[in-house]
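# A look at the structure
These are the residues of each chain, in order.
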Amino acid sequence: MTVYFIGAGPGAPDLITLRGRDLIARCPVVLYAGSLVPTEVVAFAGPDALVMDTAPMTLDEILHQIVEADAVGQDVARVHSGDPSLYGAIAEQIRRLREAEIAFEIVPGVPAYAAAAAALESELTLPEISQTLILTRTAMKASAMPEGEDLATLGKSSATLAIHLSIRNLKHIEAELTPFYGADCPVAVVYRASWPDQQIIRGTLADIRQKVRAAKITRTALILVGRVLGSNDFSDSRLYDPSHVHVLRPKRSA
């Protein structure tokens, strides 16, 4: 028996990996985070599968279902949104599984920031603009941020920021990042990236809070901050530069 932690992707059912889809189809037990994973994804489950939404369940209740499946030798598809390695709360589940000596495997998925970048038609790493992407969140009702991971510290890098779980904290984001990025720094908020009701709000650190408030977005949104957004003033990379010689494109004779 194996528990498969499956990244369902950002929302669109055709953005799940083939491996993830096929595991959902063959596992007799499917446990999914219904607040973030659309029912179209778990619709891949077999007609006789036990499919349960874990959104109202506690960790103990989720583990109880897994232990019951283990007792009768049934594989479990544990379906999380995006990629399970990012804010997936799988580590605490894995710790319990190891204690119970239950086998598990992690199946990666398309992360929300990748779907958001695609929706924005943007590359998040542009030559001489930003070559670093920082995935982070802010402290609200969830766990506190570790020391040294506050926005003021991260903002000193001027890297592109993908800020999760923070749409209600835009005032704090504006105050912390404006000294480093400037009030005119582009910001994009992508609500439910790749879902049918996806929304994109573009602005700056100075006005994004007002725009989001007007749109009445209060959850399930990713905030991207950085000069790469909408920038057209950047140098071509050396990847395809004819003067850049490498093993796959050796120097050509004149």
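Quick look at the structure, then. What you see is a predicted model; the values in this text were computed from it and never measured.

## Focus on helix 5 (residues 112–120)
- Buried within helix 5 we find Ala-115, Ala-116, Ala-117 and Leu-120.
- For helix 5, the elements touching its buried residues are strand 8 (186–191), strand 9 (199–204) and strand 10 (221–225).
- Taken from the residues just after helix 5, Glu-121 is the one with a positive phi, measuring 55°.

## Concerning the packing of helix 3 (residues 59–71) against helix 4 (residues 90–99)
- For the pair helix 3 and helix 4, interaxial distance at closest approach is 11 Å and the crossing angle is 45°. Classed by the angle they form, the pair helix 3 and helix 4 counts as oblique. Between helix 3 and helix 4 lies a crossing of right-handed hand. Residues Leu-59, Asp-60, Ile-62, Leu-63 and Ile-66 of helix 3 lie in contact with helix 4, whose contacting residues are Glu-92, Gln-93, Arg-96 and Leu-97.
- When its residues are assigned to classes, the contact of helix 3 with helix 4 shows five nonpolar, one polar and three charged.

## Remarks on the nonpolar core
- Formed by 23 residues in total, the largest nonpolar core has its most connected members in Leu-177, Ile-223 and Val-225.
- Within the residue set of this core, elements represented by two or more residues are helix 6 (151–155), strand 7 (160–164), helix 7 (170–181), strand 8, helix 8 (208–215) and strand 10.
- In terms of residue count, the dominant contributor to this core is helix 7 (four residues).
- Apart from residues lying up to four places away in sequence, Val-225 is in contact with Ala-159, Thr-160, Leu-161, Ile-163, Leu-177, Tyr-181, Cys-185, Pro-186, Val-187 and Leu-205.
- Core analysis: the second largest hydrophobic core is formed by 18 residues, Ile-16, Ile-24, Val-30 and Ala-49 among them.

## A closer look at helix 7
- Considered for burial, the residues of helix 7 that qualify are Leu-170, Ile-173, Leu-177 and Tyr-181. Buried residues in helix 7, looked at end-on, bunch into an arc of 55°, giving them a common side. In helix 7, the exposed positions angled more than 90 degrees off the buried face are occupied by Lys-171 and Pro-179.
- Lining the buried residues of helix 7 we find helix 6, strand 7, helix 8 and strand 10.
- Taken from the residues just after helix 7, Gly-182 is the one with a positive phi, measuring 90°.

Here is what the cut-offs are and how they apply
Residues numbered from 1 in each chain as written. Predicted model: local features only at pLDDT ≥ 70, side-chain atom pairs only at ≥ 80, totals over all residues. Heavy atoms only, no water. Buried < 20%, exposed > 50% of the residue type's maximum accessible area, 1.4 Å probe, protein only. Helix = DSSP H or I, 4+ residues; strand = E, 2+ residues; numbered from the N terminus. Contact = heavy atoms within 4.5 Å. Axes fitted to C-alpha atoms, helices over the stretch in contact; angles between N-to-C directions. Parallel < 35°, antiparallel > 145°, perpendicular 65-115°, else oblique. Left-handed = near helix turned anticlockwise from the far one by under 90°. Nonpolar A, V, L, I, M, F, W, Y, C, P; charged D, E, K, R; others polar. Core = buried A, V, L, I, M, F, W, Y, C linked by side-chain atoms within 4.5 Å. Arc of directions from axis to C-beta.

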